[in-house]
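If you want the building blocks of each chain, they are given just below.
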Amino acid sequence: MDHVVGAVPLAESFDERRHLLDVACRALGSRVAAERVVDEAYRRWYRLTDPERVRMPSPRIWLTQVVDEACLTRPAPAWPGGEQREILALRATCGQDLEPVDWARLSLGARRARPVSARREHAITVAVQQACSDQDGTRLRSLLAPDATAVFDSGGKIRALTRPVRGDEQVAGSLLVLLGGQRRVTLRTGSVNGRTGLVARCDDQVAAVLSFDIADSLVVQVWAVLNPEKLRSWNRSLPG
């Protein structure tokens, strides 16, 4: 199965963001200020061209350098209680109370062809989970429509694919890179907006939530939420 250029294993992207936050927190002494600096570093990453990102020998080193430079030039808060005000401002803008996957259903339209029963939908999702966990590309492709599409919502806050992935082989490859073969990543089924979806944890944190549009017993669209802001409610509410 062809490698999907730009696909990032979940544990790698999760560790990278945590590392950048640690670097910024040590320099600034503020979690909120650190998140702002790290978010800006990722915005700079996504402003690079595709060839520039592909040629990058170590994105983590590049991002760390960007964070270091930003911490050196960032002014300290100019008023008492500044961090609390930043927290309120961050919560007002991050959209953390939105449903984790509603964004996608507004962007790419309704499912195609004949829908399946809830029981069949659950069975197909379980099969996708098993294929990803087993790194079984042939089995995973058999569960996807030939023109299947996958969308990865990073919110620009974590490294991930920047464009929709199309075609059963490419979608399967991107899911296997994201979810498979990583000891620290556990993949379980769960209720996502009232339907069976997949919840991926890295260590004790929810790092991705996936839902599927299924028709004619094949997955036609995959919605993967990786944006850590949109996953905050999952990390508050899901059991350990």
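Our subject in this report is the structure included herewith.

Cut-offs applied
- Residues numbered from 1 in each chain as written.
- Predicted model: local features only at pLDDT ≥ 70, side-chain atom pairs only at ≥ 80, totals over all residues.
- Heavy atoms only, no water.
- 1 Å grid on protein atoms, 1.4 Å probe; cavity = no way out; pocket = protein on both sides within 12 Å on 5 of 7 lines; lining within 4 Å.
- Points joined across faces, edges and corners; volume = space filled by probe spheres on them.
- Helix = DSSP H or I, 4+ residues; strand = E, 2+ residues; numbered from the N terminus.
- Nonpolar A, V, L, I, M, F, W, Y, C, P; charged D, E, K, R; others polar.
- Expected span 1.5 Å × (residues − 1).
- Buried < 20%, exposed > 50% of the residue type's maximum accessible area, 1.4 Å probe, protein only.
- Polar contact = N/O pair within 3.5 Å; in protein donor to acceptor, adjacent residues only side chain to side chain.
- Contact = heavy atoms within 4.5 Å.
- Salt bridge = Lys/Arg side-chain N within 4 Å of Asp/Glu carboxyl O.
- Pairing = 2+ DSSP bridges.

Approximately 450 Å³ is the volume found for the second largest pocket. When contributions to the lining of the second largest pocket are tallied by element, the ones reaching two or more residues are α2 (31-47) and α3 (50-55). The biggest single contributor to the lining of the second largest pocket is α3, with three residues. Partitioning the lining of the second largest pocket into residue classes produces 14 nonpolar, three polar and five charged.

Given 3.6 residues per helical turn, the α-helix brings residues three or four places apart onto the same face. Here helix α9 (residues 168-179) is twelve residues long and its end C-alpha atoms lie 16 Å apart, about the 16 Å a rise of 1.5 Å per residue gives. Burial within α9 is extensive, with ten of its twelve residues counted as buried. Listing the buried residues of α9 in full gives Asp168, Val171, Ala172, Gly173, Ser174, Leu175, Leu176, Val177, Leu178 and Leu179. Just past α9, the residue Gly181 takes up positive phi, approximately 65°.

A separate point is the side chain of Ser174. With respect to the element layout, Ser174 can be found in helix α9. In terms of polar contacts, Ser174 uses its side chain to reach the backbone carbonyl oxygen of Val171, at 2.8 Å. Residues in contact with Ser174, not counting those within four places in the same chain, are Val4, Phe152, Leu161 and Val165.

With that out of the way, let us pick up the pattern of salt bridges. In the structure shown here, the tally under the stated rule is 20 salt bridges. Of the charged contacts in the structure, one is a salt bridge between Asp213 and Arg195, with a shortest N-O distance of 3.6 Å. A residue pair is termed long-range when its members are at least 10 positions apart, and Asp213 in strand β5 (residues 205-215) and Arg195 in strand β4 (residues 195-202) qualify at 18 residues. Look at Asp213 and you get buried, because its relative accessible area is 3%. Assessed through its relative accessible area of 22%, Arg195 is described here as partly exposed.

The next thing to look at is the pairing of strand β1 (residues 144-153). Side-chain positions along a regular strand alternate between the two faces of the sheet. Most of β1 is tucked away: eight of the ten residues are buried. The sheet contact formed by β1 and strand β6 (residues 218-225) spans six bridges and is parallel. Across the sheet, Thr149 pairs through a bridge with Gln221, a residue of β6. Bridge count between β1 and strand β2 (residues 165-166): two bridges; the pairing is antiparallel.

Next up on the list: the pairing of β5. Most of β5 is tucked away: ten of the eleven residues are buried. In this structure, the hairpin formed by β4 and β5 is closed by a connection of two residues, where Asp203 is found at a positive phi of approximately 60°. Taken together, the seven bridges between β5 and β6 define a ladder with antiparallel strand orientation. In the strand pairing of β6, Leu210 is matched with Ala224. Where β5 hands over to β6, the hairpin turn is made up of two residues, of which Asp216 adopts a positive phi near 50°.

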